[in-house]
Amino acid sequence: MDRRSLIKNAGIAGVLAAGVAPAVHAQAAVRWRLSSSFPKALDTIFGAADVFAAKVKAMSGGKFEISTHAGGEITPPFGVVDAVQQGSIECAHTAPYYFFGKNEAFALGCAIPFGLNSRQMTAWMYQGNGLTLMREFYAKYSMTSFPMGNTGAQMGGWYRKEIKSIKDIKGLKMRIGGFAGKVFEPMGGVPQNIPGGEIYTALEKGTIDAAEWVGPYDDQKLGFNKVAPFYYYPGWWEGGPQLDLLINQKAFDALSAENKAIVESAAAYAHTDMQAKYDARNPAALKQLVGAGTKLRPFPNDVMAEAFKVSQQLYSELSAKNPEWAKIYADYAKFRADSNLWFRFTEARFDSFMQAQKL
Ligand code: CA
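What counts, and at which threshold
- Residues numbered from 1 in each chain as written.
- Predicted model: local features only at pLDDT ≥ 70, side-chain atom pairs only at ≥ 80, totals over all residues.
- Heavy atoms only, no water.
- Pairing = 2+ DSSP bridges.
- Helix = DSSP H or I, 4+ residues; strand = E, 2+ residues; numbered from the N terminus.
- Axes fitted to C-alpha atoms, helices over the stretch in contact; angles between N-to-C directions.
- Parallel < 35°, antiparallel > 145°, perpendicular 65-115°, else oblique.
- Contact = heavy atoms within 4.5 Å.
- Nonpolar A, V, L, I, M, F, W, Y, C, P; charged D, E, K, R; others polar.
- Phe/Tyr/Trp six-rings, centres within 6.5 Å; stacked < 30°, edge-to-face > 60°.
- Buried < 20%, exposed > 50% of the residue type's maximum accessible area, 1.4 Å probe, protein only.
- Salt bridge = Lys/Arg side-chain N within 4 Å of Asp/Glu carboxyl O.
- Donors = N, O, S within 2.8 Å, 3.2 Å for Na, K, Ca; no water.
- Tetrahedral: all angles 85-135°; square planar, octahedral: opposite > 155°, others 65-115°.

## Looking at the sheet that holds strand 7 (residues 190-192)
Here comes step 1: With mixed pairing, six strands are arranged side by side in an open sheet as 7-6-8-5-9-11. Where the open sheet ends on each side, the last strands, each with one partner, are strand 7 and strand 11 (295-298).
Here comes step 2: Both strand 9 (residues 230-233) and strand 11 contribute to a ladder of four bridges, which runs parallel. Its bridge partner lying in strand 11, Y231 is registered against L296.

Below, the structure written as C-alpha cells:
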C-alpha cells in the first residue's frame, strides 16, 4: 500500500519535473485506507473518521482520498494497531486504551481512571508534553499519532440493580471499557470485555449485571435503558477519553509537506468537532432517557473513594515496573495536579454557580 503511494507520488513528481501539466480532473494521487474500531451506527465516534476524510479530500482538492471502514470491515476492531504497525492499512481511528495489554502506556494516550478531563487532555497534548511523549512511545510500533476526538466525561453506565455502597460492587459482572478493569477488579468487580454490538444482549439476558459505553447520546442508541433502569455517574474511569488517529510512520513520511499539513489540520478539526457533537447532543438524550423512566444516580462516596485509592496504587506499581509508563505518567500526573489547581478556581466555581441558577 505504502509502496503504491510512493510510486504514485514519484509518478506525479516526474510529470511535474518534465514540465507537463498534471491532469486537472480529480484523480486522487494518494489513496489511504482508515480502519475505525467502531461501528458506523455511532455517528459521533465513527463519524470523526468521516469528518477527517472529508476535510482531507476538500483541502487537497480531491488529490488525497481516505476511505473509512467500520471496525471489522477490513480489520478487526481491536486489530487496528497491528494493521497500522504492519502497514496493511495506512491509518486507524481508535481509543488507544484498548491496547493496554500490549503496554499499559497506551492508556495514557486515551484515558486512565481519575485522569485528565477533555480540556486538560487537549492542553496536555497540544501545549504540554503529551503529544511528544505519546509519539515517542508509538514510534516503537512504527506509528505516529494525532489527537482526533474526545467524548468528554462519560457516564458510569447502566445497572440492573441499585448500587448503594462499595459492597454492591463485589461480584458485579460489568462490561467496562479497556484499562478501567484493572481498577474495577481489585474493588471486587468482575470486568467483562464485550464489543459494543454485543452489550445489549448480554445485559438483557443477565449474563452481565451492568455495562458502560459512553454517555446519553450513544447509550440511548444502543438501547441500554430498556434493559437496565439505573444510570450512574460520573464515569470516573473516563473523565476525558481521547481518540487517536494512528498512522503508519512510513506512510506518513511518504506524504508531501502539503499533505502532512492537511492531515494535521483535518485531524485537529475532527478533534474539536467530536467534542462539540457530544456536548450538543447529550443534553437532549439525557432528558429523553429520564423522561422514559431511567433512574439517575451518583456513585456512592465510598465507591468513588475506593476506586481512587486503588487507581493510585496501580499507578505506583506500574511506575515501578514499566519504564514507558513511568516516564509518561510522571509528566501526565504533574500536568493533572497543576491543571486541577487552576480549574478549581475558574471552571469549577463558575460551572457550579451557573448550574445552581434557574436558567
Ligand atoms: Ca466508556
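The structure having been displayed, the exposition proceeds.
## A few points about the packing of helix 11 (residues 301-321) against helix 12 (residues 323-345)
Here comes step 1: At their nearest, the axes of helix 11 and helix 12 sit 6 Å apart, and the two run at 135° to each other. In terms of their interaxial angle, helix 11 and helix 12 are classed as oblique. Contacts between helix 11 and helix 12 pair Q312, Y315, L318, S319 and K321 from the former with P323, W325, A326, Y329 and R336 from the latter.
Here comes step 2: Grouping the constituent residues of the contact of helix 11 with helix 12 by class yields six nonpolar, two polar and two charged.

## Digging into the packing of aromatic side chains
Here comes step 1: Counted by the stated rule, this structure contains 27 aromatic pairs.
Here comes step 2: When the ring of W158 is compared with that of Y231, the centres are 3.8 Å apart and the planes differ by 15°; the resulting orientation is stacked. Residue W158 is found in strand 5 (residues 157-159), and its partner Y231 is found in strand 9; the two are separated by 73 residues along the sequence.
Here comes step 3: Relative to W325, the ring of Y315 lies with its centre 5.5 Å away and its plane at 35°, an arrangement referred to as tilted. Within this pair, whereas Y315 is found in helix 11, its partner W325 is found in helix 12, the two being separated by 10 residues in sequence.
Here comes step 4: Residue classification places Y315 among the buried residues on the basis of a relative accessible area of 1%.
Here comes step 5: A network of ring pairs unites the aromatic residues F38, F78, Y97, Y98, F99, F106, F137, Y138 and Y141 as a single cluster.

## A closer look at the pattern of salt bridges
Here comes step 1: Applying the stated rule across the entire model yields 13 salt bridges.
Here comes step 2: Among the ionic pairs, R31 bridges to E65, the shortest N-O distance being 3.7 Å. Taken as a pair, R31 in strand 1 (residues 30-36) and E65 in strand 2 (residues 64-69) lie far apart in primary sequence, 34 residues in all.
Here comes step 3: Take R31: its relative accessible area is 32%, and that puts it in the partly exposed class.

## Things to note about the packing of helix 5 (residues 130-138) against helix 12
Here comes step 1: Orientation of helix 5 relative to helix 12, taken along the N-to-C sense of each, is 170°, at an axis distance of 10 Å. On the basis of the axis angle, helix 5 is roughly antiparallel to helix 12. Counting all contacts with helix 5, which are made through L133, M134, E136 and F137, the residues of helix 12 involved are E324, K327, I328 and D331.
Here comes step 2: Taken together, the residues of the contact of helix 5 with helix 12 sort by class into four nonpolar, no polar and four charged.

## Some details on the coordination of the calcium ion
Here comes step 1: Looking at the metal site, the calcium ion is ligated by Q154 (OE1), E212 (OE), E212 (OE), W213 (O), E238 (OE) and E238 (OE), spaced 2.2 to 3.2 Å from it.
Here comes step 2: Around the calcium ion sit six donor atoms, and with donor-metal-donor angles ranging over 43 to 159° the site reads as irregular.
Here comes step 3: Positions of the donor residues of the calcium ion along the chain correspond to the pattern Q-x57-E-W-x24-E. Of this pair, E212 sits in the loop between strand 8 (210-211) and helix 8 (216-222) while E238 sits in the loop between strand 9 and strand 10 (242-248), and the two are 26 residues apart along the sequence. Comparing E212 with E238 shows no difference in burial state: the two are buried.

The values are spatial; any link to function lies outside them.
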